[in-house]
Structures are given as C-alpha cells and as structure tokens.
Amino acid sequence: MAIHCPKCSSTLITARNMGKKVCCGIGIVAGGAQGVSNALKGAKIGGEIGAFFGPSGTLMGRFAGALVGAMIGGVSGGMAGAQVGEIIDERVLDNYECLQCEHVFRID
C-alpha cells in the first residue's frame, strides 16, 4: 500500500526515522559504558585463558577479552536503542516527509 501525502496527495514519501537514529546513538553510548564493565571482565577471563600460552598470551588474551566485551556492550545497546526509537517513530513523532511539498506527517 502506497503512502500518500495528506497535503498534496503525492506518493513521493520518505521515512525520517529520527527517533531510531537518536535512540540508537544513545544506546551505543550507554552500551559502550556497560561494555567497559564487560571489557574488564573479559580482560580478566582472556588473561586467564591466555596464561596457558605464556606472558605474551596473557597480554593478547586480555586485549582480546577487553575488545570483545566492549563490542558486545556497544552492539547490544545500539540494537536496544534502535528498537525503542522505532516505537517512538511509529507512535509519537511525525515520521514521514513528502519529498514534493516537504509536509511532515504521521500515519495514524
């Protein structure tokens, strides 16, 4: 089903997705902060696993564990933020914009 502009009846409509973009960014930052905690835990676990391979294994294990912990936090935060933002776009914000007359509107 094509979306029509309520002002000019054009079908040249785009979704702005501002809530999704903003909440995803906030989620990445918040998830990254949580990822710092995960990174510390991951570094400890990685260091213990890497200890089997000597001192260089401990260093590499800590680095890999910290990197994986931070990435998991950032990705999971971004995904959660994007889902929240999508709901905000659908229910609260005027998410659609007509490319012909620049009218911004929401579909009810």
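To start, this report covers the structure provided alongside it. One numbering rule holds for all chains: residues counted from 1, following each sequence as written. Given that the model is predicted, a residue must reach a pLDDT of at least 70 before its local features are reported, and side-chain atom pairs must reach 80 or more before they are shown or counted; all residues, however, enter totals for whole chains, interfaces and linings. Remark: hydrogens and water are excluded; side-chain values derive from all non-hydrogen atoms of the structure.

## So, the environment of I13
Going by this rule: The helix count covers DSSP runs of H or I at least four residues long, the strand count covers runs of E at least two residues long, and both are numbered beginning at the N terminus. Here a residue-residue contact requires only that any non-hydrogen atoms of the pair lie within 4.5 Å.
Relative to the helices and strands, I13 resides in strand β1 (residues 13–15). I13 sits 83 residues away from Y96 along the chain, and the two C-alpha atoms are 6.6 Å apart. Ignoring sequence-local partners within four residues, the contact set of I13 consists of I3, H4, C5, Y96, E97, C98 and F105.

## Notes on the packing of helix α1 (residues 18–50) against helix α2 (residues 55–91)
Operational definition: For helices, the fitted axis covers only the stretch in contact; all axes are lines through C-alpha atoms, and the angles between them, taken along N-to-C directions, range from 0 to 180 degrees. In what follows, roughly perpendicular refers to angles from 65 to 115 degrees, roughly parallel to angles under 35, roughly antiparallel to angles over 145, and oblique to any angle outside these ranges. Here a crossing is taken to be left-handed if its near helix is turned anticlockwise relative to the far helix by less than a right angle, and right-handed if that turn runs clockwise.
One can describe the packing of α1 onto α2 by two numbers: an axis separation of 4 Å at closest approach and a directional angle of 160 degrees. Relative to α2, the element α1 lies roughly antiparallel. Between α1 and α2 lies a crossing of right-handed hand.

## Regarding the pattern of salt bridges
Definition in use: Within this document, salt bridges are pairs made up of a side-chain nitrogen of Lys or Arg and a carboxyl oxygen of Asp or Glu, the two lying within 4 Å of each other. For every residue, the accessible area (1.4 Å probe, protein chains only) is compared with the maximum for its type, and the residue is labelled buried under 20%, exposed over 50%, or partly exposed between those bounds.
Throughout the structure, instances matching the rule amount to 1 salt bridge. With a shortest N-O distance of 3.8 Å, K20 and E86 are connected by a salt bridge. With K20 in helix α1 and E86 in helix α2, this pair connects stretches of sequence that are 66 residues apart. For K20, a relative accessible area of 33% translates into the label partly exposed.

## Structural notes on the sheet that holds strand β2 (residues 96–98)
Note the cut-off: Pairing between two strands requires that DSSP report at least two bridges joining them.
Spatially, 3 strands are ordered β1-β2-β3 in an open sheet, and the strand pairing comes out antiparallel. A strand with exactly one partner marks an edge of an open sheet, and here the two such strands are β1 and β3 (104–105). Examined bridge by bridge, β2 and β3 share 2 bridges and lie antiparallel to one another. Residue pairing across strands places E97 opposite V104, the latter belonging to β3.

The values reported here are purely geometric and, on their own, carry no functional implication.
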